[in-house]
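Residue-level structure breakdown
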Amino acid sequence: MSPRSPAFMILFIVSLIAAAGNMGLQSVLPAIGRQFQLSDTLVAGAFAISALMWTFASPFWARLSDSLGRKKVILIGMTGFVVSMLGFGLAATSGIEGWLGAIVAFTLMATARTIYGVFGSAAPIASQAYVADRTGPAERTQAMSLLASAQGLGTVIGPVLSPFFILPFVGLAGPMYVFALFGLIVLIIVLRFLPSGEVVRTPSPSGQRGAGAPDVAKGLWRDPRVRDFLLFGLLVTGAQAVNISVLGFHIIDEMAATGLDARAAQPFIGLAMFAGALATLMVQWGLIPLLKLRPPELMRWGAALALVGNLLSIASPGYFGVVVGYAVVSMGVGFARPGFTAGSSLAVGPHEQGAVAGLMMALAGLSFLGPPVAGVALYELREFAPFLGNALLLAGAVVVAWISPALKALAARVDDEAPAPEMAPASQPGPEGNS
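Rules of the game
- Residues numbered from 1 in each chain as written.
- Predicted model: local features only at pLDDT ≥ 70, side-chain atom pairs only at ≥ 80, totals over all residues.
- Heavy atoms only, no water.
- Phe/Tyr/Trp six-rings, centres within 6.5 Å; stacked < 30°, edge-to-face > 60°.
- Helix = DSSP H or I, 4+ residues; strand = E, 2+ residues; numbered from the N terminus.
- Buried < 20%, exposed > 50% of the residue type's maximum accessible area, 1.4 Å probe, protein only.
- Lys NZ or Arg CZ within 6 Å of the ring centre and 35° of its normal.
- Expected span 1.5 Å × (residues − 1).
- Bend = angle between axes of the 7 residues up to and from the residue.
- Patch = residues over 30% accessible without salt bridge, like charges linked within 9 Å, V, L, I, M, F, W, Y side chains within 5 Å.
- Areas by Shrake-Rupley, 256 points an atom, 1.4 Å probe, with all protein chains shown as cover.
- Salt bridge = Lys/Arg side-chain N within 4 Å of Asp/Glu carboxyl O.
- Contact = heavy atoms within 4.5 Å.

Time to look at the packing of aromatic side chains. One pass over the structure, following the stated rule, counts nine aromatic pairs. Judged by centre distance (6.0 Å) and plane angle (70 degrees), the ring pair of Phe81 and Tyr116 falls under edge-to-face. Of this pair, Phe81 sits in helix α4 (residues 70-96) while Tyr116 sits in helix α5 (residues 102-119), placing them 35 residues apart in sequence. Residue Phe81 is classed as buried on the basis of its relative accessible area of 1%. Classification of Tyr116 by relative accessible area gives buried; the value is 6%. Judged by centre distance (6.1 Å) and plane angle (65 degrees), the ring pair of Phe232 and Phe340 falls under edge-to-face. Highlighted residues: Phe232 in helix α10 (residues 224-256) and Phe340 in helix α13 (residues 319-347), separated in sequence by 108 residues. Judged by relative accessible area, which is 0%, Phe232 ranks as buried. Judged by its relative accessible area of 2%, Phe340 is buried. Joined through ring pairs, the aromatic side chains of Trp54, Phe81 and Tyr116 make up one cluster. Over the face of the ring belonging to Tyr130 we find Arg134, whose NZ or CZ atom lies 3.7 Å from the ring centre.

Shown next, in the form of structure tokens:
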């Protein structure tokens, strides 16, 4: 599959809209929590339920994508996204306008996010497996990096556009309605234009085809080929989840010192998220193609940069220090995510692509399960505490990236099998102008 093929462009848009909607929600969530006069930790904890559902649902969608087909599972995921965003918006509006009490409205908001937790992982899992089915080892790092950069572009669009969608009557809930509409349009595009022909996957050693992937998936997380990629990914994405969850509350507090309330602080939150997303895109559109880094190298650079970013946030806790630290963390994740995603895909066989995609998506749920709650709770105790905790997590990730036998074996095998992949240059950011 070429990165400029119509099918890849559609998958790119799927990832972009999902990321934009979620980061748009994340950018307004702290202000909604403060307007409802709820504890910061309660706000973070309520949405851990969504992450829990994501974690449990991801392996199911991975298996179903092998048996039912990638396109059908993508459609299920996008439907869940639309329903969740619309439900969240309605619940938030009801609370903001006083139609429902704050606790009741927030409970309904958490329920809407739980719907996304159940169904939302379906689309990215099936998209990753769709790409893996249609690319060889030499192309896969390129394709996975470009697909990951769609999320990076989405994280730019979401926070930047969200303040413009805070409209009269709907207020802070406005971005959710707009992204639900965007999701519906993408759902129709997938239904009408994404090719549904399934690739015949190489049978597993036991003679099973893709439909047998449920058996393949069992215990894969303990497989030495995959285990270190999962551990690394959990450490990096867990630290990133803490940074994202703390960011809005931190900036609201910094702006409060200047006399601005939570709603007036919204553009400053969007600016910080924009800086982080821009840093991610600079890595994925510019530095990765320029340096031609392979998965193990991406992981080592990524973990180290994310560690430095958290140390910067400790050393300079004011608004501009937080923005710079968050941007450096985002650069690190921009290296690391395509590294461990492509690396885990390359480490397993064709019949295991759906299963390993499910494990990688489960990381996203796990990372937003405990770490954000712990991070926000630590922030309420001491401003520097969550960044110190992140530094410890990322130091562990650096160690894994350097000593893992699985990473060393993969590096040796990729060196033997293929030249470094060429990626879209910075002047041509992805298929038809998108990344």
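Resuming the write-up.
For an α-helix, the turn length of 3.6 residues means that residues three or four places apart are oriented alike. If you check helix α1 (residues 6-35), its first and last C-alpha atoms are 43 Å apart, about what 30 residues at 1.5 Å a residue would give, namely 44 Å. Where α1 bends most, the angle comes to about 35 degrees, and this point is Val28, followed within four residues by the proline Pro30. For α1, the tally of buried residues reaches 25 of 30 residues, placing the bulk of the element in the interior. Within two residues after α1, Gln37 carries a phi angle of roughly 60 degrees, on the positive side.

Side chains of Trp99, Leu100, Val104, Leu108 and Phe169 sit close together on the surface and give an oily, nonpolar patch of about 500 Å² of accessible area. Structurally, Leu108 can be placed in helix α5.

On to the environment of Phe249, then. With respect to the helices and strands, the residue Phe249 is situated in helix α10. Given a relative accessible area of 3%, Phe249 falls into the buried group. Separated by 20 residues in sequence, Phe249 and Ile269 have C-alpha atoms that sit 9.0 Å apart. Beyond its immediate chain neighbours, meaning those up to four positions away, Phe249 contacts Pro30, Arg34, Asp40, Val43, Val376 and Tyr379.

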